[in-house]
Amino acid sequence: MKDLAPASGPSTLLALIISGLFAAPLHAQETTLETVQVEAQPLPDEWPGPDRSVPRTLYRVGPEGMALFDNPGGSNPITAVAELPGVKVTTVDAYGLNNTQGGQKGIRVRGEVSSHGVSGTVEGLALGGPGPGPGYLFLFDKENIAAVTLEQGAIGTDTGGLFSSYGALNTHLRWARDEARREVSLGVGSDGFQRYFARVDTGTLSSGTALFLSASKTMAEKWRGYGDAPEGRDNVEVGLKQALGAFNLKMIYARNDQAQHNYKTLNYEQARNLDQYRDLDYSRDSSTNNYYDYNRQDFRNQALVAELSYDFSPTTRLVFKPFWAQEEGYYLFAGSQPNQVLKWIIDHETYGASTELQTVLADTHIKLGYSWTSTEPPGPPTSRKLYTITGDGLKFAQWAMLSDVTERHEFEHYYLTGLHRFDRLTLQGGLRYAREKLPSIDAYNVGAATAGTSWDISTEQALERATQNDTRSVSSRSFGHWLPQLGVAYEFTPALSVFANLGRNIGSPSLGVFNQAPAGNYKTSQDYWDDIRPELTTSLDLGTRLRFGDFTLDPTLYYSRSKNKTVNVYSEDSKSVWSQNVGRTAGKGLLLAAAWTPSETLRVFGSFSYTRSWFTEDVRGTGGKPLGVQGNQLPDVPRTMASLGAAWKTQGVTLAPVLQYVGRRWSTVDYTEKVPSYITLDMNLGYGQKTTWGSWEASLAILNAFDRKYIGQISTSEVNITANGSIYYPGAPRTLAAKLAFTF
């Protein structure tokens, strides 16, 4: 079985960068460039907390917050927002480097699960659709990230992304710097963790050009079982920034090669007895599909992101953002029989662009924009090979799934937004029209028709030989929806303001129906395809922003209602259970974000959330049996969560602990499988100094310091009443990681 070709030179490049760090610095000319401020914004706080610049529920985490309270894996923006109100982040490993197979990547916001690829963006650009691979999650090193923002409730109409039912997670890149700078760091930790990173910035040269080049290499063993996760993560990033009068160009290319062995999931009985099963994983017996090397993955992700802007005047700017991204790789995992292994082949690209005109008219900041994104499946899954286990390893048996995308999955968004300040009153709102065109997919006959070693060929070659299955093929269709949003804020005093935000968000349709077998009145896959529609959510947030000297408090109440939620329920037409866009749910809750700076050396922050997320009507299960789920909390949604963090800094010493509490949950909607609450403590100890040549810092991170045994990530459907219908991942044990970093 052929793996991806190894990365061509990231480790060598890393060595070259590190050696070059100690060479004479490039002579960058200090150039003063005029910049246009279309909308004045206060400098955002780098710690986890609210961004008060807009009358919406928007949170931000900067580099200092990530350095103090994020895990030491050096990637994955999801882990950066773990301490924010209303957010539950659960990673399978301590370093946040494990890519979980499929769409759920370990984050819920206000009880809503984010299906991977449908919400996360980079600079407001969706670098992938609703796909099962790693996507952009490990594409950028944290040292190359300027901030991670998370918008909750009704998002702004100018906020990028394909779907927004759970909010909008956005990664802001650290472009090439204006000043020359060099960074190098190396880290080691538990379970064989090693990470090496280097970045060189030229600063702005006399031509107005600034460049940067970075490379990193990361590896670690699995904390339970055999194998590595990652076996190797090789990352290269190149950035350019060019100023030519009123014209400005920024660009970054990134490539990430990452292979790893998967972690085995637990069933409920095992999850209840972590003293016995916490370390359970795949075996070293290669005669069954429980063998660890038959459960692995290998992916190469790369992307090119650019931003071109032209300033027509001090108040008018045109911004154009083209992008391209590609994901290539596979998952290897156990089949339905002990001697079967499946290979899920993933090879797709995404490209598109957004353009936005920013101006000021009658003291109103206006944005008029358009975005277009073209992607291709998976999802849904399109190509899988089936292997059988022999004494010599894996032997190709047949194709288990084979299909061809004939029309791509496309999105078009048109929007208009405005913001006006009337002394103490701020009005902000807009309107977005979201149009989605589903892909056309031709399915092909598989099974015995594609059996034998002669069929162990590429997807493209197999498509040329296979016979099309018209019954299982689907044709493209389109739909569009208007998404309004209105926010208002009033400042009573500099210490007290209130805001309200109302709007509509959109979610992903149930694309998995493409693989649903026809049944009942549904004679073809097209019948299912014609029934799916996007989820629509209406949200209202009411918030207060308080400041008492060095203490701030931001409480927010919210209420939401959703329709067309994807739920796995009974259909009268098909006489079967399948994933449909028919669910109706509601949510309400309280979010609290607080910060206190009692002295120049000590700072404290905290968050609390109370979440109710429930079905507003009953549904039916197998055989049409009524399920009394109305009013029940959705699975994997704790009612209460909290975090408390602090940083004490004096004479170069830093001590930064953070406590996290996750309340009890149910993994089934009928409350039959209970998951207990847990508290974890992470600590970061550091010491550093500035020198005549730059600065250095040494740090030690202790994760899960009390070695708490708990269930972290749960994969379950919204309507789950089946014993062992959920799968569980135990949280990682106590983990230590040390880091030494130099900047000059």
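Below is a summary of the structure that appears in this document. (Residues numbered from 1 in each chain as written. Predicted model: local features only at pLDDT ≥ 70, side-chain atom pairs only at ≥ 80, totals over all residues. Heavy atoms only, no water.)

Considering the pattern of salt bridges
Between side chains of opposite charge, pairing is possible as soon as their charged atoms come close.
Argument step 1. Within this structure, the stated rule accounts for 38 salt bridges.
Argument step 2. Between Arg224 and Asp281 there is a salt bridge, with its nearest N and O atoms 3.4 Å apart. One end of the pair, Arg224, is in the loop between strand 11 (209–219) and strand 12 (232–244); the other, Asp281, is in the loop between helix 4 (274–277) and strand 14 (296–313), and 57 residues separate them in sequence. An identical accessibility class is assigned to Arg224 and Asp281; each is buried.
Argument step 3. Between Asp456 and Lys385 there is a salt bridge whose closest N-O contact spans 3.1 Å. Here Asp456 is found in the loop between strand 22 (440–444) and helix 5 (459–465), whereas its partner Lys385 is found in strand 18 (residues 383–390), with 71 residues between them in sequence.
Argument step 4. On the accessibility criterion, Asp456 (38% relative accessible area) is partly exposed. (Salt bridge = Lys/Arg side-chain N within 4 Å of Asp/Glu carboxyl O. Helix = DSSP H or I, 4+ residues; strand = E, 2+ residues; numbered from the N terminus. Buried < 20%, exposed > 50% of the residue type's maximum accessible area, 1.4 Å probe, protein only.)

Side note on empty space enclosed by the protein
Argument step 1. Applying the stated rule across the entire model yields 14 cavities of 30 Å³ or more.
Argument step 2. Considered as a void within the structure, the largest cavity measures approximately 570 Å³ in volume.
Argument step 3. Contributing to the lining of the largest cavity are 41 residues, with Ala82, Val89, Gln660, Thr680 and Asp682 lying nearest its centre.
Argument step 4. For the lining of the largest cavity, the elements supplying multiple residues, two or more each, are helix 2 (63–69), strand 3 (87–89), strand 29 (602–615), strand 32 (640–650), strand 33 (653–662), strand 36 (678–691) and strand 37 (694–703).
Argument step 5. Tallied by class, residues from the lining of the largest cavity come to 22 nonpolar, 14 polar and five charged. (1 Å grid on protein atoms, 1.4 Å probe; cavity = no way out; pocket = protein on both sides within 12 Å on 5 of 7 lines; lining within 4 Å. Points joined across faces, edges and corners; volume = space filled by probe spheres on them. Nonpolar A, V, L, I, M, F, W, Y, C, P; charged D, E, K, R; others polar.)

What to know about the packing of aromatic side chains
Argument step 1. Taken as a whole, this structure holds 27 aromatic pairs when the rule is applied.
Argument step 2. Each ring, one from Tyr490 and one from Phe492, has its centre 4.9 Å from the other, and the planes form 70°; the classification is edge-to-face.
Argument step 3. Of the residues examined, Phe492 reaches a relative accessible area of 39% and is grouped as partly exposed.
Argument step 4. With centroids separated by 5.5 Å and ring planes inclined at 70°, the aromatic side chains of Tyr522 and Trp578 adopt a geometry described as edge-to-face. Taken as a pair, Tyr522 in the loop between strand 25 (496–506) and helix 6 (525–529) and Trp578 in strand 28 (residues 576–596) lie far apart in primary sequence, 56 residues in all.
Argument step 5. Overall, the relative accessible area of 2% leaves Trp578 in the buried class.
Argument step 6. An aromatic cluster is present here, built from Tyr226, Tyr291, Tyr292 and Tyr294 joined pairwise through their rings. (Phe/Tyr/Trp six-rings, centres within 6.5 Å; stacked < 30°, edge-to-face > 60°.)

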